[in-house]
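Residue-level structure breakdown
Now for the letters of each chain:
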Amino acid sequence: HVFEGFPSIAFGWVTAGSEDKKKPHYHNKTTEWVFVVEGVGVVEVNGSREPVKAGDWICFDFGDRHALRTEAEQHMVVVCLCHPQFNMDDVHHN
């Protein structure tokens, strides 16, 4: 595969509501860097919670149990950089 070993980049929304999508998870192989483009919210890492806002960078090392949530009515817009490339097989909830 030509891009194997390269990081992946994703643009997304952290949506209000639907608590099932906001449960903490971890990765065995992937480190994530998230940039908050717009909005405000809360990041949870290994049980600790901190507020986040537009302009913040967040790093989740592999093994960190993490979740990013918006507690407002508006969505939060984020860009996520993952290395190695993001793979749903490396998303674990237990």
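To keep things clear, this report deals only with the structure shown in the data block. (Residues numbered from 1 in each chain as written. Predicted model: local features only at pLDDT ≥ 70, side-chain atom pairs only at ≥ 80, totals over all residues. Heavy atoms only, no water.)

Our next topic: the overall build of the protein. The helix and strand tally for the protein stands at zero helices and seven strands. Within the protein, the fraction of its 94 residues that count as buried is 37%. Residue pairs in contact within the protein that sit at least 24 positions apart in sequence constitute 74% of those at least 6 positions apart. For the protein, the accessible surface area stands at approximately 6,100 Å², while carbon and sulfur atoms represent 57% of it. (Helix = DSSP H or I, 4+ residues; strand = E, 2+ residues; numbered from the N terminus. Buried < 20%, exposed > 50% of the residue type's maximum accessible area, 1.4 Å probe, protein only. Contact = heavy atoms within 4.5 Å. Areas by Shrake-Rupley, 256 points an atom, 1.4 Å probe, with all protein chains shown as cover.)

What follows covers the pattern of salt bridges. Taken as a whole and assessed by the stated rule, the structure comprises two salt bridges. R69 serves as the salt-bridge partner of E44, at 2.8 Å between the closest nitrogen and oxygen. With E44 in strand 3 (residues 40-45) and R69 in strand 6 (residues 66-69), this residue pair connects regions lying 25 residues apart in the sequence. Among the ionic pairs, D56 bridges to K53, the shortest N-O distance being 3.3 Å. (Salt bridge = Lys/Arg side-chain N within 4 Å of Asp/Glu carboxyl O.)

Let's shift gears to the sheet that holds strand 4 (residues 48-53). Reading across the sheet, the three strands line up as 4-3-6 and stay open at both edges, with antiparallel pairing between neighbours. Edge positions in the sheet fall to strand 4 and strand 6, since each has one partner strand and no second. Across this sheet, the average inter-strand angle for adjacent strands is 20 degrees, counted without regard to direction. (Pairing = 2+ DSSP bridges. Axes fitted to C-alpha atoms, helices over the stretch in contact; angles between N-to-C directions.)

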